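So you can see what is in the structure, the chains are spelled out below.
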Amino acid sequence: MDEKQKKRFEFWKISSKEEIETALALLKKKKLRQSLFFVHLSLEKILKALFIKEKGEHPPRTHNLIYLAKEIDLELTEERENFLIEATAFNIEARYPDEESPMVEYKYAKEKYREALEVLKWLRKKSEE
């Protein structure tokens with residue numbers, strides 16, 4: 001990576017960390033849809049950092065986590081793939097809420113936050129390889 005790419009890469013990694021911290025703060029305040037929206041943002045941004053690392057170019061303007069993962073040939077377990085599919089929906093559901101969505105249940109939001117931390121840890125490790 002050249003210096004410009006390194007700077008972009010670090011920007012996306014740092015942004016990802018900030019977004020997951022925001023997700024936790026919102027979860028603690030029981031702002032569940034908003035928390036899960038920031039979970040999605042955090043995942044999206046670390047995937048975009050990996051995109052820069054792998055492709056050497058600016059990431060596409062998409063919010064689709066599976067698309068980003070496939071664009072960088074990320075080997076996903078079925079469990080991780082299913083989680084990224086589900087987490088992609090957080091982006092839409094937070095914007096267009098449905099009172100029957102599981103996103104309004106604290107137990108669900110807390111579990112998805114925990115799962116996101118595991119996936120983020122894995123993705124950050126990949127970003128350091």
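Structure: above.
Residues numbered from 1 in each chain as written. Predicted model: local features only at pLDDT ≥ 70, side-chain atom pairs only at ≥ 80, totals over all residues. Heavy atoms only, no water.

## Focus on the packing of helix H1 (residues 3–28) against helix H2 (residues 32–55)
For clarity, the threshold we go by: Axis angles are defined between N-to-C directions and span 0 to 180 degrees, where every axis is a line fitted to C-alpha atoms and, for a helix, only to the segment in contact. Runs of H or I in DSSP of at least four residues are treated as helices and runs of E of at least two as strands, each being numbered from the N terminus. Any angle from 65 to 115 degrees is called roughly perpendicular, while one under 35 is roughly parallel, one over 145 is roughly antiparallel, and all others are oblique. In this scheme the crossing of two helices becomes right-handed for a clockwise turn of the near helix relative to the far one and left-handed for an anticlockwise turn of less than a right angle. Residue type decides the class: Asp, Glu, Lys and Arg count as charged, Ala, Val, Leu, Ile, Met, Phe, Trp, Tyr, Cys and Pro as nonpolar, and the leftover types, Gly among them, as polar.
The contact between H1 and H2 brings their axes to 8 Å, and the two run at 165°. Put simply, H1 runs roughly antiparallel to H2. Crossing of H1 over H2 shows left-handed handedness. Split by residue class, the contact of H1 with H2 holds 13 nonpolar, seven polar and six charged.

## Digging into the pattern of salt bridges
The following threshold applies: The term salt bridge refers to a pairing of a side-chain nitrogen on Lys or Arg with a carboxyl oxygen on Asp or Glu at a separation within 4 Å. Exposed residues in this analysis have more than 50% of their type's maximum accessible area, buried residues have under 20%, and partly exposed residues fall in between, with area computed by a 1.4 Å probe over protein chains only.
What the rule picks out here adds up to nine salt bridges. Across the salt bridge formed by Glu 3 and Lys 6, the nearest N and O atoms sit 3.7 Å from each other. You can see Glu 3 and its partner Lys 6 sitting in helix H1, three residues apart, about one turn around the helix. Taking the shortest distance from any N to any O, the salt bridge between Lys 17 and Glu 21 comes out at 2.6 Å. Pair noted here: Lys 17 and Glu 21 are both in helix H1, with a separation of four residues, about one helical turn. You can call Lys 17 partly exposed: its relative accessible area is 46%. Taking the relative accessible area as the measure of exposure, Glu 21 reaches 43% and is therefore partly exposed.

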